[in-house]
Amino acid sequence: MSDTMTEKKIEELDPKTARRIRNAPLPTSRTLFLRKFIPYQIYRFAAFNIRTLDIVRRG
């Protein structure tokens, strides 16, 4: 972030925005695990690239 941008704490936000942030769903423990699990990330990376290449080929 640049020095000119400041981050507000939830308490400093508009009450409606703060309520929306407080009520946002939290990731499950499985989701958090998969986000850090390198073999799964490699698989997702490869799958995404294969889909992209398929779209380019059909293009």
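Structure: see above.
Below or above, wherever it landed, is the structure these notes cover. Just so it is clear, the model here is predicted, and its values are computed rather than measured.

**Focus on the overall build of the chain**
In step 1: Along the backbone of the chain there are three helices and zero strands.
In step 2: Secondary structure of the chain in N-to-C order comes out as α-α-α.
In step 3: Going through the 59 residues of the chain one by one, you find that 5% of them count as buried.
In step 4: On the chain, roughly 6,100 Å² of surface is accessible, and the fraction owed to carbon and sulfur atoms is 60%.

**Regarding the environment of L13**
In step 1: Topologically, L13 is positioned in the segment before α1 (15-22).
In step 2: Ignoring any residue separated from it by four or fewer positions in sequence, one finds L13 in contact with K8, A18 and I21.

Criteria and cut-off values
Residues numbered from 1 in each chain as written. Predicted model: local features only at pLDDT ≥ 70, side-chain atom pairs only at ≥ 80, totals over all residues. Heavy atoms only, no water. Helix = DSSP H or I, 4+ residues; strand = E, 2+ residues; numbered from the N terminus. Buried < 20%, exposed > 50% of the residue type's maximum accessible area, 1.4 Å probe, protein only. Areas by Shrake-Rupley, 256 points an atom, 1.4 Å probe, with all protein chains shown as cover. Contact = heavy atoms within 4.5 Å.

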